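Okay, here's what each chain looks like letter by letter:
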Amino acid sequence: IFFRHFLEFIIMHDRKKVPKETLDAAQKQQLQNKIAAYQSLVAQCFELRKSQTKTKDALALLDKLQFINPEMYSCWNYRKEILKALLEGVDDQGKTALIGSELAFNTKVITERDPKSYCTWYHRKWLVQQHPTAEILENEMKLCAKGLNLDERNFHCWGYRRWIAGLQTGQGTWSEDKEMAYNQQKIEQNFSNYSAWHNRALILEHCTDVEALKEEFELVSQALYTDSQDQSGWIYAKWLAQKLPPAEAVLQQQEICDDLLADDPNAKWPMYARAHTAEMDNDGATATRYWEALVEHDPRHSQYYLWRQERTQGILK
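These remarks concern the structure in this document. (Residues numbered from 1 in each chain as written. Predicted model: local features only at pLDDT ≥ 70, side-chain atom pairs only at ≥ 80, totals over all residues. Heavy atoms only, no water.)

### Section: the packing of aromatic side chains
At step 1: Tallied over the full model, the rule gives 14 aromatic pairs.
At step 2: Their ring planes at 40 degrees and their centres at 6.4 Å tell us that Tyr-118 and Tyr-122 sit as a pair that is tilted. Separated by four residues within a single helix, Tyr-118 and Tyr-122 lie in helix H6 (residues 118–130), roughly one turn from each other.
At step 3: What links up through ring pairs into an aromatic cluster is the set Trp-269, Tyr-272, Trp-291, Tyr-304, Tyr-305 and Trp-307.
At step 4: Stacked on the ring of Phe-67, the Lys or Arg Lys-108 has its end atom at 5.1 Å from the ring centre.
At step 5: For the cation-ring pair, Arg-289 lies above Tyr-290, with the distance from its terminal atom to the ring centre recorded as 4.8 Å. (Phe/Tyr/Trp six-rings, centres within 6.5 Å; stacked < 30°, edge-to-face > 60°. Helix = DSSP H or I, 4+ residues; strand = E, 2+ residues; numbered from the N terminus. Lys NZ or Arg CZ within 6 Å of the ring centre and 35° of its normal.)

Printed below as a string of structure tokens:
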């Protein structure tokens, strides 16, 4: 039953669902044939693993199954077992060829089947760990660039890119400056790219240079002035404020908020940031005034603002 429902999902994904009663006899038979073929493929793969078969023919059979269903993690584990056996005693040239072939199949799954398959991305990391040459790492970085051009918020791709950058840094072929430059490029392409802002925060996680962090406010202010209602920049600005000395954080955010509120006194995110910085500055009256205004202008989140108002009064008594 599970396989039938799963295959029906695979077939209907991204298509308008047709009620089963509208299927004619030929269509019903076609569906049953696909279900039977999938069940047979699963059975063959599990039987091969049970018999400890570790050959390229077994990999070819797994290719068919895993392209249909890349989330069957047991098959990825079986794939690792086969590859470990095939890699034993192989020279560097052979390793490069085998890992390259595996990465090509993995890329096909990501680009043509499911770009957000956890199992597929985890297996890709394992593959690179088996033979992390400079050439492979460079190719992987190029793949990430292509992937993020197609989907700039694919957090799997961003996380994998950070991991590859770490390996390249260890080999002396990458640097934080290069990563910051790429990150800024992605932000300038779209100020609303939350994943890029998040990646930037991770790069600067251990930064203690106050002047460098103040320069970051110059960058994020461009996003805030461009679209004050987009939350991506505000979340990054809040994170920056936590990195700076309180007085400096208040000064940096207050100027931006006051400018934006002069244009639109009811703008949600500038009011929220102004209330937050007022709390940091121990200005309970100002914080309360903005929390009250947010209750009125953003009633959907009124209970949260009332809680913040109550908490402010308790902290600043």
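More follows now that the structure is in view.
### Regarding the layout of surface pockets
At step 1: Of the voids in this model, the second largest pocket is the one considered here, and its volume is about 230 Å³.
At step 2: Lining the second largest pocket are Ile-110, Thr-111, Pro-115, Trp-121, Leu-143, Cys-144, Lys-146, Gly-147, Leu-150, Asp-151, Asn-154 and Cys-157.
At step 3: Secondary structure elements with two or more residues in the lining of the second largest pocket: helix H5 (92–113) and helix H7 (134–150).
At step 4: With five residues, the top contributor of residues to the lining of the second largest pocket is H7. (1 Å grid on protein atoms, 1.4 Å probe; cavity = no way out; pocket = protein on both sides within 12 Å on 5 of 7 lines; lining within 4 Å. Points joined across faces, edges and corners; volume = space filled by probe spheres on them.)

### Regarding the pattern of salt bridges
At step 1: Summed over the entire model, instances satisfying the criterion amount to 13 salt bridges.
At step 2: Salt-bridge contacts for Lys-214 lead to Glu-248; the nearest nitrogen and oxygen are separated by 4.0 Å. With Lys-214 in helix H11 (residues 210–226) and Glu-248 in helix H13 (residues 246–263), this pair connects stretches of sequence that are 34 residues apart.
At step 3: Note that Arg-274 and Asp-258 form a salt bridge whose closest N and O atoms lie 3.3 Å from each other. (Salt bridge = Lys/Arg side-chain N within 4 Å of Asp/Glu carboxyl O.)

### Quick look at the state of the cysteines
By definition, a disulfide links the sulfur atoms of two cysteines through a covalent bond.
At step 1: Taken as a whole and assessed by the stated rule, the structure comprises zero disulfides.
At step 2: Summary of cysteine pairing: Cys-157 is not part of a disulfide, and the nearest cysteine sulfur, belonging to Cys-144, is at 4.2 Å.
At step 3: Among the residues examined, Cys-157 registers a relative accessible area of 4% and is labelled buried. (Disulfide = S-S within 2.5 Å. Buried < 20%, exposed > 50% of the residue type's maximum accessible area, 1.4 Å probe, protein only.)

### A closer look at the nonpolar core
At step 1: Of all hydrophobic cores here, the largest spans 73 residues; its most connected members are Leu-65 and Trp-234.
At step 2: If we ignore the near neighbours within four places in the chain, the residues touching Leu-65 are Tyr-38, Leu-41, Val-42, Cys-45, Met-72 and Cys-75. (Core = buried A, V, L, I, M, F, W, Y, C linked by side-chain atoms within 4.5 Å. Contact = heavy atoms within 4.5 Å.)

### Observations regarding the packing of helix H2 (residues 25–50) against helix H3 (residues 56–68)
At step 1: Taken N-terminus to C-terminus, the directions of H2 and H3 make an angle of 135 degrees; their axes are 10 Å apart at the nearest point. The orientation of H2 with respect to H3, classified from their angle, is oblique. Like other packed secondary-structure pairs, H2 and H3 cross with a definite hand, here left-handed. Listed contacts from H3 to Tyr-38, Leu-41, Val-42, Gln-44, Cys-45 and Leu-48 of H2 are Ala-58, Leu-61, Leu-62, Lys-64, Leu-65 and Ile-68.
At step 2: Residue composition of the contact of H2 with H3, grouped by class: ten nonpolar, one polar and one charged. (Axes fitted to C-alpha atoms, helices over the stretch in contact; angles between N-to-C directions. Parallel < 35°, antiparallel > 145°, perpendicular 65-115°, else oblique. Left-handed = near helix turned anticlockwise from the far one by under 90°. Nonpolar A, V, L, I, M, F, W, Y, C, P; charged D, E, K, R; others polar.)

### What about the packing of helix H12 (residues 231–243) against H13?
Geometry of a packed helix pair, given as the angle between the helix axes and the separation of the axes.
At step 1: Where H12 meets H13, the axes come as close as 9 Å, and the angle between the chain directions of the two elements is 150 degrees. Regarding the angle of H12 to H13, the classification is roughly antiparallel. The handedness of the crossing between H12 and H13 is left-handed. Contacts between H12 and H13 pair Trp-234, Ala-237 and Ala-241 from the former with Ala-249, Gln-253, Ile-256, Cys-257 and Leu-260 from the latter.
At step 2: Partitioning the contact of H12 with H13 into residue classes produces seven nonpolar, one polar and no charged.

### Observations concerning the side chain of Asn-154
At step 1: Within the element layout of this structure, Asn-154 appears in the loop between H7 and helix H8 (155–171).
At step 2: By relative accessible area, which is 4% here, Asn-154 ends up buried.

### Points about unusual backbone geometry
At step 1: The residue Gln-52 is not glycine, and still its phi comes out positive at about 60 degrees.
At step 2: Residue placement: Gln-52 occurs in the loop between H2 and H3.
At step 3: Its relative accessible area of 52% is what places Gln-52 among the exposed residues.
At step 4: Positioned with a positive phi, Asn-282 is a non-glycine residue whose angle comes to about 60 degrees.
At step 5: Mapping Asn-282 onto the fold places it in the loop between helix H14 (268–280) and helix H15 (284–297).

### Considering H8
At step 1: Over its 17 residues, H8 extends 25 Å from the first C-alpha to the last, a length consistent with the 24 Å expected when each residue adds 1.5 Å.
At step 2: Residues of H8 that are buried sit in contact with H6, H7, helix H9 (176–189) and helix H10 (194–203).
At step 3: N-capping of H8 is provided by Asn-154, with a side-chain oxygen placed 3.0 Å from the backbone N of His-156.
At step 4: Two residues or fewer after H8 comes Gly-172, characterised by a positive phi angle close to 80 degrees. (Expected span 1.5 Å × (residues − 1). Polar contact = N/O pair within 3.5 Å; in protein donor to acceptor, adjacent residues only side chain to side chain.)

### Observations concerning H6
At step 1: Taking 1.5 Å per residue, 13 residues should reach 18 Å; H6 reaches 19 Å between its end C-alpha atoms and fits that length.
At step 2: Buried residues of H6: Cys-119, Thr-120, Trp-121, His-123, Arg-124, Trp-126, Leu-127 and Val-128, and no others.
At step 3: The elements touched by buried residues of H6 are helix H4 (73–87), H5, H7 and H8.

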